[in-house]
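A look at the structure
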Protein chains: 2
Amino acid sequence: MARILDGKQIAADIQQEVRERTTAFEASGIHFQLTVVLVGDHPASATYVRNKQRTAEKVGLKNTLIHLPGDVSEDTLLAEIDRLNADTEVDGILVQLPLPSHISEQVVIERIAPEKDVDGFHPMNAGKNFVGLSAVWPCTPAGIMEMFEREQIDVAGKHAVVVGRSNIVGKPMAMMLLAANATVTLCHSRTQDLAALTRTADIVVAAVGQPGLITAAHVKPGAVVVDVGMNRVDGKLMGDVAFEEVAPIAGAITPVPGGVGPLTVAMLMKNTVRLGCARRHLS
Amino acid sequence: MARILDGKQIAADIQQEVRERTTAFEASGIHFQLTVVLVGDHPASATYVRNKQRTAEKVGLKNTLIHLPGDVSEDTLLAEIDRLNADTEVDGILVQLPLPSHISEQVVIERIAPEKDVDGFHPMNAGKNFVGLSAVWPCTPAGIMEMFEREQIDVAGKHAVVVGRSNIVGKPMAMMLLAANATVTLCHSRTQDLAALTRTADIVVAAVGQPGLITAAHVKPGAVVVDVGMNRVDGKLMGDVAFEEVAPIAGAITPVPGGVGPLTVAMLMKNTVRLGCARRHLS
């Protein structure tokens, strides 16, 4: 039976460390601030945002929610972002996705000042990460790398297969694993014989949004399996990995819930402090 | 015996098309200009630059060489780039690498205006490419993709293994193949059992700078083998692929010289026109 990688516990450790940093800075009168922009009333988004705000509170970040109506114009949203970019008290700006279809997500992402882009989605940050310059990485892959480190899972020289090629998870995950000296394969919907490829992997990261896609037949005995999926099936949260059948084969596995999700939120806090320190020239 | 992919001929076709475009624009009084900046007297660099200038001439691009002494200060070079960025007659700026060690290549790359960055090395262009927005891709991988298209080598659903992870070839190559729906594996110096991985590949791209690294044992019968290597061995140009033993096994293969090299130069010309059209709002 696989070792269960307890994302909740690791996230709590990260949060504790962030809390210690914010407390130390508070003593010097410095308060980092995360501003979340929520457009409309998408119920899942509202839940995510509440969760982020609660965690920000817990780790000692000032946090502000800007809640705009679902029919807000793109121009009004952009003006709001301009205001936040100019506000010297704001360290991190997060615009909760998805946005209503009349607003271009790409235009919005590119409007956020790269030095306040806690999600690491701005092309300038993506490009710096890509070429190996230090920038903020998207929170989900960053959280997974942090977990590997804390759980002493050495990725150097290992074969990692990433299933899914989103800009938010799959592609940056591949680049982070590569930077850590893993051999990396990127699979996706057009991949032929996925199981044959994932079976060669020492590390499998599943990030496609298909409940139970990764079965026992996809996994080499002893492999590390990371499940990024967050699929609602009959009101129940399910990952991309068929946990019950994969757990007995894998060497280590993240559960859903309680795996990657909490890590993502914890990294958002860590990214905010990192950006705040950089912008305010603190070490 | 593999089909030989004649990079020289494909490059000539691309050059011909660029020539037709520049001729058409000339009729409207528009002359695109490529400016090459060469620092010092590195003999290989001088050869590359001469070759680029000659090709630019041939395809009807105005081309200017700015040759600075090897001990030029970084500030003077940056001031020169600023001048070129501001010059409305300049469509593409190429700073020949490598630069002398007292100059930061990254600082120089980031100083070139992204809209004149014919090499596609600026982080903003790398980031746009990474997230799937249309930007200029580095010339070598762009030339290889162009060759695949012209030689009717369909990469969608194929397993492509890229050996080498440079910012100039390996990483952008992987991203271009991914965008064209290939399943992509990135290998490098830390990869364990390279041959086992490349043997699973439908397409192998070798870009490491190790003469003869890819042998018959690395290649699946019928695979497409692309050799980016340009290694001087006893005064002779050799690729990363042991051509004599791989050619009988492969389905198609690029020779060295006469393969990827001419494609890279041709794409530099195509990129210059593309940037010129975009900047001057021409279609």
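All values reported here derive from a predicted model rather than from experimental measurement.

Residues and elements named next belong to chain B. Tracing the chain through its elements places T35 in strand β2 (residues 33-39). Each C-alpha atom, one on T35 and one on I93, is 5.0 Å from the other, the two residues being 58 residues apart in sequence. If we skip the residues at most four places from it in the chain, T35 touches T64, I66, L84, V90, G92, I93 and L94.

Its rotation angle being 180°, the transformation that places chain A on chain B also includes 0.0 Å of axial translation and leaves an RMSD of 0.0 Å. Taken together, the rotation and translation relating the two chain copies correspond to the operation of a two-fold axis. Same-surface contact between copies: 100% of interface residues of chain A are shared with the interface of chain B.

Side chains that are nonpolar tend, in soluble globular proteins, to be buried together. Grouped together as the largest cluster of nonpolar side chains are 118 residues, with contacts concentrated most on F148(A), L177(A), F148(B) and L177(B). One finds L68(B), I81(B), L84(B) and V95(B) within the second-largest nonpolar core, a separate group that totals 19 residues.

With that settled, consider helix α5 (residues 123-131) of chain A. α5(A) sits mainly inside the fold: eight of its nine residues count as buried. Along α5(A), the residues classified as buried are P123(A), M124(A), N125(A), A126(A), G127(A), N129(A), F130(A) and V131(A). Where α5(A) is buried, its residues touch α4 (105-111) and α7 (170-179) of chain A together with α4 (105-111), α5 (123-131) and α7 (170-179) of chain B. Of the residues flanking the end of α5(A), it is G132(A), one or two places downstream, whose phi is positive at about 95°.

Reading across from one edge, β1(A)-β11(A)-β8(A)-β7(A)-β5(A)-β6(A)-β6(B)-β5(B)-β7(B)-β8(B)-β11(B)-β1(B) is the order of the twelve strands in this open sheet, with mixed pairing throughout. Lying at the two open borders of the sheet, with one neighbouring strand each, are β1 (3-4) of chain A together with β1 (3-4) of chain B. Taken together, the four bridges between strand β7 (residues 203-206) of chain A and strand β8 (residues 224-227) of chain A define a ladder with parallel strand orientation. Within β8(A), the position partnered with I203(A) by the bridge is V224(A).

Attention now goes to the sheet that holds strand β4 (residues 92-95) of chain A. All names here are of chain A. A sheet is described by the order of its strands in space; here three strands give the open sequence β3-β2-β4, paired in parallel fashion. Of all strands in the sheet, those bounded by a partner on one side alone are β3 (62-68) and β4. Each strand of the sheet is rotated relative to its neighbour by a mean of 15°, with strand direction disregarded. Pairing between strand β2 (residues 33-39) and β4: four bridges, direction parallel. Counterpart to T35 in the pairing with β4 is I93. Strands in contact with helix α10 (residues 260-279) are β2 and β4; relative to β2, the strand with the most contacts, it is inclined by about 125°.

Time to look at the UniProt feature "domain: Tetrahydrofolate dehydrogenase/cyclohydrolase NAD(P)-binding" (unreviewed entry) in chain A. Mapped onto this numbering, the UniProt entry annotates "domain: Tetrahydrofolate dehydrogenase/cyclohydrolase NAD(P)-binding" (unreviewed entry) at residues 138-275 of chain A. Helix and strand shares over residues 138-275 of chain A are 34% and 19% respectively, and the end C-alpha atoms of the span are 13 Å apart.

What follows is about the interface of chain A and chain B. With 33 residues of chain A at the contact, the number on the chain B side is 33 residues. Between chain A and chain B the total buried area reaches about 3,000 Å² when both faces are included, carbon and sulfur atoms providing 62% of it. Applying the counting rule to chain A against chain B returns zero salt bridges. In this structure, the connection of chain A to chain B is made through 15 residue pairs in polar contact (both at pLDDT 80 or more). Mapped by element, the contributors of at least two residues to the side of chain A that touches chain B are α4, α5, α7 and β6 (183-187) of chain A. Element by element, the count of residues in the side of chain A that touches chain B is highest for α5(A), at seven residues. Of the residues in the side of chain A that touches chain B, the class split is 15 nonpolar, 13 polar and five charged.

It is worth spelling out unusual backbone geometry at this point. The linkage connecting V256(A) with the following residue, P257(A), adopts the cis geometry, with an omega of 0°. Secondary-structure assignment places P257(A) in the loop between β11 (252-253) and α10. Note that the residue after L97(B), namely P98(B), is joined by a cis bond; omega there is 0°. Positionally, P98(B) belongs in the loop between β4 (92-95) and α4. Of note, D193(A) is a non-glycine position whose phi angle comes to about 50°, a positive value. Tracing the backbone through its elements, the reader meets D193(A) in the loop between β6 and α8 (194-198). Residue D193(A) is classed as exposed on the basis of its relative accessible area of 53%.

Residue and element names in this part refer to chain A. Tracing the sequence through the fold places D117 in the loop between α4 and α5. The buried charged residue D117 lacks any salt bridge, with K128 as its nearest oppositely charged partner at 11 Å. From its side chain, D117 meets the backbone nitrogen of F121 in a polar contact 3.1 Å long. Setting aside residues no more than four positions away along its own chain, D117 makes contact with I93, I112, H122, N125, V136 and L275.

Taken as a whole and assessed by the stated rule, the structure comprises three aromatic pairs over all chains. Plain terms: the ring middles of F130(A) and F130(B) are 5.7 Å apart, the flat faces sit at 45° to each other, and that makes the pair tilted. Here F130(A) is found in helix α5, whereas its partner F130(B) is found in helix α5 on a different chain. As far as the burial class goes, F130(A) and F130(B) line up, both buried. The side chain of K171(A) reaches across the aromatic face of F130(B), ending 5.6 Å from its centre.

In the numbering used here, UniProt assigns the "domain: Tetrahydrofolate dehydrogenase/cyclohydrolase catalytic" (unreviewed entry) feature to residues 5-119 of chain A. Taken as a whole, residues 5-119 of chain A contains 49% helix and 16% strand, while its terminal C-alpha atoms sit 24 Å from one another.

As a further point, take the domain arrangement of chain A. Size of an interface, as often reported, equals the accessible area lost when the parts are brought together. One can read the domain layout of chain A as domain 1 (29-113) and domain 2 (139-261). If you average the C-alpha positions of domain 1 of chain A and of domain 2 of chain A, the two centres end up 29 Å apart.

Here the focus is the pairing of strand β6 (residues 183-187) of chain B. Looking along a regular strand, one sees side chains alternate from face to face of the sheet. Extensive coverage of β6(B) is indicated by the burial of five of its five residues. In this sheet, β6(B) lies alongside β6(A) in antiparallel orientation, the contact comprising three bridges. Bridging across to β6(B), V184(A) finds its partner in L186(B). Bridge count between strand β5 (residues 159-163) of chain B and β6(B): five bridges; the pairing is parallel. Pairing of H159(B) across the sheet is with T183(B), part of β6(B).

Rules used throughout
- Residues numbered from 1 in each chain as written.
- Chains lettered and ligands numbered in written order.
- Predicted model: local features only at pLDDT ≥ 70, side-chain atom pairs only at ≥ 80, totals over all residues.
- Heavy atoms only, no water.
- Helix = DSSP H or I, 4+ residues; strand = E, 2+ residues; numbered from the N terminus.
- Contact = heavy atoms within 4.5 Å.
- Least-squares fit on C-alpha atoms with pLDDT ≥ 70 in both.
- Core = buried A, V, L, I, M, F, W, Y, C linked by side-chain atoms within 4.5 Å.
- Buried < 20%, exposed > 50% of the residue type's maximum accessible area, 1.4 Å probe, protein only.
- Pairing = 2+ DSSP bridges.
- Axes fitted to C-alpha atoms, helices over the stretch in contact; angles between N-to-C directions.
- UniProt positions renumbered as here; feature names shortened; annotations may be inferred.
- Buried area = accessible area lost by both parts, 1.4 Å probe.
- Salt bridge = Lys/Arg side-chain N within 4 Å of Asp/Glu carboxyl O.
- Polar contact = N/O pair within 3.5 Å; in protein donor to acceptor, adjacent residues only side chain to side chain.
- Nonpolar A, V, L, I, M, F, W, Y, C, P; charged D, E, K, R; others polar.
- Lys, Arg positive; Asp, Glu negative; His and termini not counted.
- Phe/Tyr/Trp six-rings, centres within 6.5 Å; stacked < 30°, edge-to-face > 60°.
- Lys NZ or Arg CZ within 6 Å of the ring centre and 35° of its normal.
- Domains from an automatic or database assignment.

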